[in-house]
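# Coordinate analysis (summary)
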Amino acid sequence: APALALRPPAPEVAGLRPQLVCPGDVVTAEPGALRGRGVVEREDGKLVATMCGVVEQVNKLLYVRPLKHRYAGSIGDVVVGRIVEVQAERWAVEIGTAML
C-alpha cells in the first residue's frame, strides 16, 4: 500500500497567481507586505493565513477572501432579494444575510 502523503505547504504568493490557503499556511515572507483580514504575522516575520480561502493582493495589502461567507451590507449597496412580507407602506425583503 502506498504511504499517505501529507499536503504540501502552500506556495508563497508570486505575482497575481491565485493561491488557496488554509489556517497556518504561509502567505508571504516578503518584507513590507501589509496584513489584512485573515492574515497574521508570526514571530519570524512571515504572514500566515488564519482561515481557508484565496489570497488576494491590493498593492502591498494581502488578505484572505474566505471560500464561504455571508454578505454584510453597506449603505448604498444594490441587492437582490425575495419579498417575504408586504405591509401598508413597506416590504420585508430576505437577502440571505445575517441580521445587522
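What you are looking at is a predicted structure, and each value in this text was computed from that prediction instead of being measured.

Glancing now at the overall build of the protein chain. Scanning the protein chain for helices and strands turns up 0 helices and 9 strands. Shown N-terminal to C-terminal, the secondary structure of the protein chain runs as helices and strands in the order β-β-β-β-β-β-β-β-β. Buried residues in the protein chain amount to 20% of all 100 residues. Of the roughly 8,100 Å² of accessible surface on the protein chain, a fraction of 59% belongs to carbon and sulfur atoms.

Moving on, we come to the side chain of Q19. Summarising the element assignment, Q19 is placed in the segment before β1 (20-21). Take Q19: its relative accessible area is 5%, and that puts it in the buried class. A polar contact of 3.5 Å, which involves the side chain of Q19, links it to the backbone oxygen of V26.

What follows is about a nonpolar patch on the surface. A contiguous nonpolar patch, built from V79, I83, V86, W91, V93 and I95 and spanning about 580 Å² of accessible area, is present on the exposed surface. Those elements that provide at least two residues to the nonpolar patch are β8 (82-86) and β9 (91-94).

A few words on the nonpolar core. Formed by V21, V27, V39, L47, A49, V55, L62 and V64, the largest nonpolar core amounts to 8 residues. Of all elements in the fold, only β5 (47-49) and β7 (61-66) reach the threshold of two or more residues within this core. Those residues in contact with L47 that sit more than four places away from it in its chain are D25, V26, V27, T28, A33, L34, R35, V39, V40, E41 and L62.

What follows concerns the side chain of T28. Assignment of secondary structure puts T28 in strand β2 (residues 26-28). A polar contact of 3.1 Å, which involves the side chain of T28, links it to the backbone nitrogen of E30.

Before going further, it helps to examine the sheet that holds strand β6 (residues 53-58). With mixed pairing, the 4 strands of this open sheet are ordered in space as β1-β6-β7-β3. On the outer flanks of this sheet lie β1 and β3 (34-35), each paired with one strand and no other.

All right, on to unusual backbone geometry then. Positive phi outside glycine occurs at N59, with the angle close to 55°. The exposure class assigned to N59 is exposed, which follows from its relative accessible area of 71%.

The rules behind each value
- Residues numbered from 1 in each chain as written.
- Predicted model: local features only at pLDDT ≥ 70, side-chain atom pairs only at ≥ 80, totals over all residues.
- Heavy atoms only, no water.
- Helix = DSSP H or I, 4+ residues; strand = E, 2+ residues; numbered from the N terminus.
- Buried < 20%, exposed > 50% of the residue type's maximum accessible area, 1.4 Å probe, protein only.
- Areas by Shrake-Rupley, 256 points an atom, 1.4 Å probe, with all protein chains shown as cover.
- Polar contact = N/O pair within 3.5 Å; in protein donor to acceptor, adjacent residues only side chain to side chain.
- Patch = residues over 30% accessible without salt bridge, like charges linked within 9 Å, V, L, I, M, F, W, Y side chains within 5 Å.
- Salt bridge = Lys/Arg side-chain N within 4 Å of Asp/Glu carboxyl O.
- Core = buried A, V, L, I, M, F, W, Y, C linked by side-chain atoms within 4.5 Å.
- Contact = heavy atoms within 4.5 Å.
- Pairing = 2+ DSSP bridges.

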